[in-house]
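These are the residues of each chain, in order.
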Amino acid sequence: MKKSILTLTTGITSIAIVTSLHLATIENPTDIQNQLSTTTNTIAIAGTTAIFGLLDDDQDDPSTP
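Below: a short report on this structure. (Residues numbered from 1 in each chain as written. Predicted model: local features only at pLDDT ≥ 70, side-chain atom pairs only at ≥ 80, totals over all residues. Heavy atoms only, no water.)

**A word on helix H2 (residues 31-54)**
The following threshold applies: Numbering of helices and strands runs from the N terminus, with a helix taken as a DSSP run of H or I at least four residues long and a strand as a DSSP run of E at least two residues long. To estimate the expected span of a helix, count its residues, drop one, and scale the result by 1.5 Å. Throughout, a residue-residue contact means that at least one pair of heavy atoms, one from each residue, lies within 4.5 Å.
The end-to-end C-alpha distance of H2, which contains 24 residues, comes to 35 Å, matching closely the 34 Å that a straight helix rising 1.5 Å per residue would cover. Considering only its buried residues, H2 is in contact with helix H1 (2-24).

Right, dumping it as structure tokens:
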């Protein structure tokens with residue numbers, strides 16, 4: 001279970017980071033693009049925090065054989 005959540009979190013975070021980087025390169029962004037950029041930055045930060053939380057090596061994952 002932990003591996004599938006880690007995979008999903010990594011995918012969502014990667015998409016948010018790529019979208020955020022793309023929006024940062026727009027010369028004159030609209031208000032909606034600025035709001036989307038703020039949202040994707042928040043998702044990227046939360047996702048990165050979640051990934052480091054899921055990579056806790058001290059706990060054994062009971063779902064792995």
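**Observations regarding the side chain of Ser20**
The cut-off we apply is this: Throughout, exposure labels follow a simple rule: accessible area from a 1.4 Å probe, protein chains only, divided by the maximum for the residue type, with under 20% read as buried, over 50% as exposed, and the rest as partly exposed.
You can see Ser20 is positioned in helix H1. Residue Ser20 is classed as buried on the basis of its relative accessible area, which comes to 11%. Setting aside residues no more than four positions away along its own chain, Ser20 makes contact with Ser37, Thr40 and Asn41.

**Thoughts on the side chain of Ser37**
Locating Ser37 in the fold gives a position in helix H2. Its relative accessible area of 16% is what places Ser37 among the buried residues. Ser37 has contacts with Ser20 and Leu23, leaving out every residue within four places of it along the chain.

Keep in mind these values describe shape, not function.
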